[in-house]
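Report on the structure
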Amino acid sequence: MYTKNIRAMLGGAFLLTSVFIPTSKAQSLSISSEYPNLQPMSVQTQGSGKDVILIPGLASSRGIWTDLASGLQLNHRVHILELAGFASTPAISHRDGKIIAPVVDAIAEYIRTQHIKAPAIIGHSLGGEIALMLGAQHPDLVGRLMIVDALPFYMLMIDPAATSESASQRAIATRDWILAQSPEEFVAFQKTSIARLAKTEAVRPALLAAGLSSDRRTLADAVYELMITDLRPELDRIRAPIEIVYAYDALFGVPASSVDEMYRRAYTNASDIHFTRIDDSFHFIMLDRPERFSSAVQSFLNK
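Quick caveat: nothing in here was measured; it's all calculated off a predicted structure. (Residues numbered from 1 in each chain as written. Predicted model: local features only at pLDDT ≥ 70, side-chain atom pairs only at ≥ 80, totals over all residues. Heavy atoms only, no water.)

**Looking at the overall build of the chain**
The condition that has to hold: To qualify as a helix, a DSSP run of H or I must reach at least 4 residues; to qualify as a strand, a run of E must reach at least 2; elements of each kind are numbered from the N terminus. Summary of the burial criterion: residues with accessible area below 20% of their type's maximum are buried, those above 50% are exposed, and those between are partly exposed, where the area comes from a 1.4 Å probe applied to protein chains only.
When you go through the chain residue by residue, the secondary structure sums to 12 helices and eight strands. Across the 303 residues that make up the chain, the buried fraction comes to 57%.

The structure is reproduced here in structure tokens:
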């Protein structure tokens, strides 16, 4: 199951899956308000009603949620995040190079200070990892979680027996490799990555622009943190219902049943969990299959 094809084509972080091989269009949102000065992330809101928080992934802009948010705002107050150092949100200095953990703390503080009650959290890729960590560390703050094409430990795509310790040296080498790339190599690398992660050619330019405008150090540190973070032992601390939405395409080169098995095995420790597979899609499901993805989100929110 853990073949070269699945490493290349399965969902994973924006840069992460492609690193493993060698060793509707995104638009700006119409915003009704903004919550400024929250350093690890920026937040924009629109609509009114029950609260939904959308978290994009590695090197992604909040624009990946444009189509979804435009529909949700009719009945929900939608909070669209963008992580500091990614796309248009300026980078900040991170203590000890940590990216994920400070965002989790910032989201928890945002929920408290804005008096948001039991929001639904939808996180894609790295954003899914953030959502899981938020649910585990602050179980009283979240209402339900949707994890989009993300595993609780990304190294499982490479080695089902991996541990945080065994991943450490590879994570260090990957971080250093990203930082050492020339500008030309970095552009070529991201183009190749996006082609593997978005099946729809029309959405790729916006994804590439977000990646190229992201801060290189932030990307490298986030990839390192993602590679060594294993949330499987924390899944049983999550009290909110969890919906796992993941992609499958015949171009992955493995049976759909193998992908199903990988996700179910990874989330064994979670108690209240449901799985939805969306076919004919790569990693950016909300862009490759927007109608099918929107339907899955509506079903998730209506439960």
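So, next bit.
**Details of the packing of aromatic side chains**
When we look at a pair of aromatic rings, we describe it by the centre distance and by the angle of the planes. Heads up, the rule is: Any Phe, Tyr or Trp ring, taking Trp's six-membered ring, that has another such ring centre within 6.5 Å forms a pair; planes under 30 degrees apart are called stacked, those over 60 apart edge-to-face, and the others tilted.
Tallied over the entire structure, the rule returns six aromatic pairs. Here tryptophan 177 and phenylalanine 189 contribute two aromatic rings whose centre-to-centre distance is 5.0 Å and whose plane-to-plane angle is 75°, an arrangement assigned as edge-to-face. Linking tryptophan 177 in helix 6 (residues 164-180) with phenylalanine 189 in helix 7 (residues 183-197), this pair joins segments that are 12 residues apart in sequence. Aromatic side chains tyrosine 248 and phenylalanine 252 sit 5.5 Å apart centroid to centroid with 85° between the ring planes, which places their arrangement in the edge-to-face category. Among the aromatic residues, those joined into a ring-pair cluster are Tyr248, Phe252 and Phe282.

**Some words on unusual backbone geometry**
Trans is the common state for peptide bonds, and a negative phi is the common state for residues other than glycine. Positive phi values are uncommon outside glycine, yet alanine 118 reaches one of about 45°. With respect to the secondary-structure elements, alanine 118 resides in the loop between helix 4 (100-113) and strand 5 (120-124). Even without being glycine, aspartate 149 reaches a positive phi, approximately 50°. Classification of aspartate 149 by relative accessible area gives buried; the value is 0%.

**Description of the environment of leucine 235**
Within the secondary structure, leucine 235 is located in the loop between helix 9 (216-228) and strand 7 (242-248). Residue class for leucine 235 comes out buried when judged on its relative accessible area of 1%. For the pair leucine 235 and leucine 132, spaced 103 residues apart in the sequence, the C-alpha separation amounts to 7.6 Å.

**Concerning the pattern of salt bridges**
Selection rule: Put simply, a salt bridge is a Lys or Arg side-chain nitrogen that is within 4 Å of an Asp or Glu carboxyl oxygen.
In this structure the tally under the stated criterion is 11 salt bridges. Of the charged contacts in the structure, one is a salt bridge between lysine 199 and aspartate 249, with a shortest N-O distance of 2.5 Å. With lysine 199 in the loop between helix 7 and helix 8 (204-212) and aspartate 249 in the loop between strand 7 and helix 10 (256-266), the pair connects residues that are 50 residues apart, well separated along the chain. Since its relative accessible area comes to 3%, aspartate 249 is described here as buried. Glutamate 243 serves as the salt-bridge partner of lysine 303, at 3.0 Å between the closest nitrogen and oxygen. In this pair, lysine 303 is assigned in the segment after helix 12 (290-302) and glutamate 243 in strand 7, connecting sequence segments 60 residues apart. Here the salt bridges share partners, and the residues they tie into one network are Asp260, Arg277 and Asp279.

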